[in-house]
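Working through the structure, step by step
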Amino acid sequence: MDLISFDESCLNAYKQLFHSLFLIPISHYVLAFALIFSVFLYNFLEIHFFHDLFSGFRGDRIALTFNPSSHIYDAIVSNCRILNGRYLATPWLSSPHFQTAFLNFSGNPPVFSYSRQLFHASDGGTIALDWLTSSDVSRGTFEINNAISKDDTTPLMVIIPGLTSDSTSAYIKHLAFGMAKHGWNVVVINHRGLGGVSVTSDCFYNAGWTEDARIVFDYLHNQYPKAPLFAIGTSIGANILVKYLGEDREEVPVAGAVAICNPWDLLIGDRFICRRLVQKLYDRALTIGLQGYAKLHEPRYSRLANWEGIKKSRSIRDFDNFATCLVGKFETVDTYYRRCSSSSYVQNVSVPLLCISALDDPVCTREAIPWDECRANKNIVLATPQHGGHLAFFEGITASRLWWVRATVDFLGVLHSSPHMHVQKAKNSDLQLSVGSSIDQGSYVNIAEDGMVAPVGNEHAGNNKVELLAGLEKIRNEECDEMVSATEQKQHLIEAKSDLAPSAAQVSGPSSNLQGVKSFDVIATVKRCLNHLSCQNRKSMWLLVYIAVITSWPLVGSALRIFSRKKLRNVPPAISHRR
């Protein structure tokens, strides 16, 4: 009986509760639901409006990471007002997702026109170079054929866009116009197949394809030798730029560089972009852009890659598996990501480099930033604002400006007026190699570290030979110094023998000349062999050559000394009596 009465009392209580809930107006439920949903969206979209409000809309200071003994920070960044100030996002864009979406759908870009130049690579590929000069912006008229003088000393800014972006992207136009407005000449390197240009070879760009940047930088440096050359990379373009600077080290013709929203480690970025629902939306959006790029060049992709797999791709990783890895000859997707990540090249950068990455970037995670490597390199300063999204950083009520564009203009302006600009390491171009084989003089296939395969003509091969000969000449000079010292010792031994006649030197002279001829024939043969082998692995070959010279010279010197003594003993006695 007690159990039955307890059940009845509970039932009556629930009836009274539901009756009370029905008495609450429906509008109150709607209001409560809207409040709960707003709190969820506020956290899900990482909105920081109330944070900005409670801080009085003063913004957050820019965190700077640098080496304590960095002359780049002491002489340049410390004098940059923008980098040492604060950043406040546009109030109605106080979310990294709002900023990133607004940049891609609108962006408020300035209105102007480029002048186009088509650059043809040695492998047959075509690269569109879009120019905007400072005179175009100052006059307000944009001429199609506004050529720059070869003796022009105006600083030249080279821009490398991000994934599936070209010179018409909103953030690229903000950057190009901002630099040209401050008196710089600007050229945008459109990736192969973008900017309205067809792919004319079997080489496609990828996240680590630095060859196009290398040949364009060398071309611009040779075409305008008096104009200091600077570079800016954005997103994937920043990864390409930093990787290029680390690969070529002191031999780059770039005086200074800026990397914006660099993904740094592609493997970490791949894991991050598949982690949460909001990141998966970005992953899907970027995949659609890559599929659209592949659709423009369907004939080549259908021949070189898995076209059915490309059409069914639902993520960037799927696209890289069915397209990038097959075209670039990578074994796996993870192999591609590891080889093409710029974080492995940070320690080799020899150019003043400013890196800007937002800590709330929804595409390129802060987890991939190589903090320690950037701090260890005296040439790098890392700026990490709290907010900004991916390539956005809108500021002002109307969101008409990008903070990172102003920071870039400020940094490069101070760098250009300072003595800390990087100067390209001089190359010895006077050396020449006479190669008997006609195969060495023809075109060959160059396999880059990032896996892309491209035929290289005589011009590129000639550059490789010059670099190879510089090392060979250094080794030969060391050998000559050791040979001179050994010859001097041998000359003192010969002079000590008072019974030797002048004719003895005449007898030994032809033999020594014959030895010299034979030795230089051997050296020429070794040079040709090293020229073939060093094209595959240059660093290890120089190590082997150095070890071979150091270890073999004592044996060779002893053999020459014994051989010369035997020759001297065979001199007829009559010659010594004549003296």
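This text gives an overview of the structure that appears in the document. (Residues numbered from 1 in each chain as written. Predicted model: local features only at pLDDT ≥ 70, side-chain atom pairs only at ≥ 80, totals over all residues. Heavy atoms only, no water.)

1. Some thoughts on a nonpolar patch on the surface
A cluster of nonpolar side chains, namely Y14, L17, F18, L21, F22, I24, I26, Y29 and V30, defines an oily patch on the protein surface of about 960 Å² accessible area. Contributing elements (two or more residues each) for the nonpolar patch: α1 (2–23) and α2 (26–44). Ranked by residue count, the leading element in the nonpolar patch is α1, at five residues. As for its placement among the helices and strands, L21 is situated in helix α1. Owing to a relative accessible area of 34%, L21 belongs among the partly exposed residues under this scheme. (Patch = residues over 30% accessible without salt bridge, like charges linked within 9 Å, V, L, I, M, F, W, Y side chains within 5 Å. Areas by Shrake-Rupley, 256 points an atom, 1.4 Å probe, with all protein chains shown as cover. Salt bridge = Lys/Arg side-chain N within 4 Å of Asp/Glu carboxyl O. Helix = DSSP H or I, 4+ residues; strand = E, 2+ residues; numbered from the N terminus. Buried < 20%, exposed > 50% of the residue type's maximum accessible area, 1.4 Å probe, protein only.)

2. Digging into the packing of aromatic side chains
Enumeration according to the criterion identifies 26 aromatic pairs in this entry. Linked through ring pairs, Y42, F49, F50, F54 and F57 together constitute an aromatic cluster. Positioned above the aromatic ring of F112 is the side chain of K173, whose terminal nitrogen or guanidinium carbon lies 4.9 Å from the ring centre. (Phe/Tyr/Trp six-rings, centres within 6.5 Å; stacked < 30°, edge-to-face > 60°. Lys NZ or Arg CZ within 6 Å of the ring centre and 35° of its normal.)

3. Things to note about the sheet that holds strand β6 (residues 156–160)
The nine strands are arranged β2-β11-β10-β9-β8-β6-β7-β5-β4 in an open sheet whose pairing can be described as mixed. The open sheet is flanked by β2 (63–66) and β4 (115–120), the only strands paired with a single partner. The sheet shows a mean angle of 20 degrees between the axes of neighbouring strands, direction not considered. Bridging between β4 and strand β5 (residues 126–132) involves six bridges; their strand directions are antiparallel. Along β5, the bridge assignment pairs L118 with A128. The strands that helix α9 (residues 236–248) touches are β6, β8 (229–234), β9 (256–260) and β10 (353–356); relative to β8, the one it contacts most, it runs at about 135 degrees. Helix-sheet contacts for helix α17 (residues 403–416) involve β6, β8, β9 and β10, and the interaxial angle to β9 is about 165 degrees. (Pairing = 2+ DSSP bridges. Axes fitted to C-alpha atoms, helices over the stretch in contact; angles between N-to-C directions. Contact = heavy atoms within 4.5 Å.)

4. Some points on unusual backbone geometry
One non-glycine residue with positive phi stands out, namely F57, at about 50 degrees. Checked against the element boundaries, F57 lands in the loop between α3 (49–54) and β1 (60–61). Its relative accessible area of 32% is what places F57 among the partly exposed residues.

5. Brief notes about the pattern of salt bridges
Within this structure, the stated rule accounts for 22 salt bridges. A salt bridge links D130 to R116; the shortest N-O distance between them is 2.7 Å. Note that D130 is positioned in strand β5 and R116 in strand β4, a separation of 14 residues in sequence. Here E247 and R214 are joined by a salt bridge, their closest N and O atoms 2.7 Å apart. One end of the pair, E247, is in helix α9; the other, R214, is in helix α8 (residues 211–223), and 33 residues separate them in sequence. Given the relative accessible area of 15%, R214 is considered buried. Beyond isolated ion pairs, a larger network of salt bridges with shared partners links E211, R214, K243, E247 and D248.

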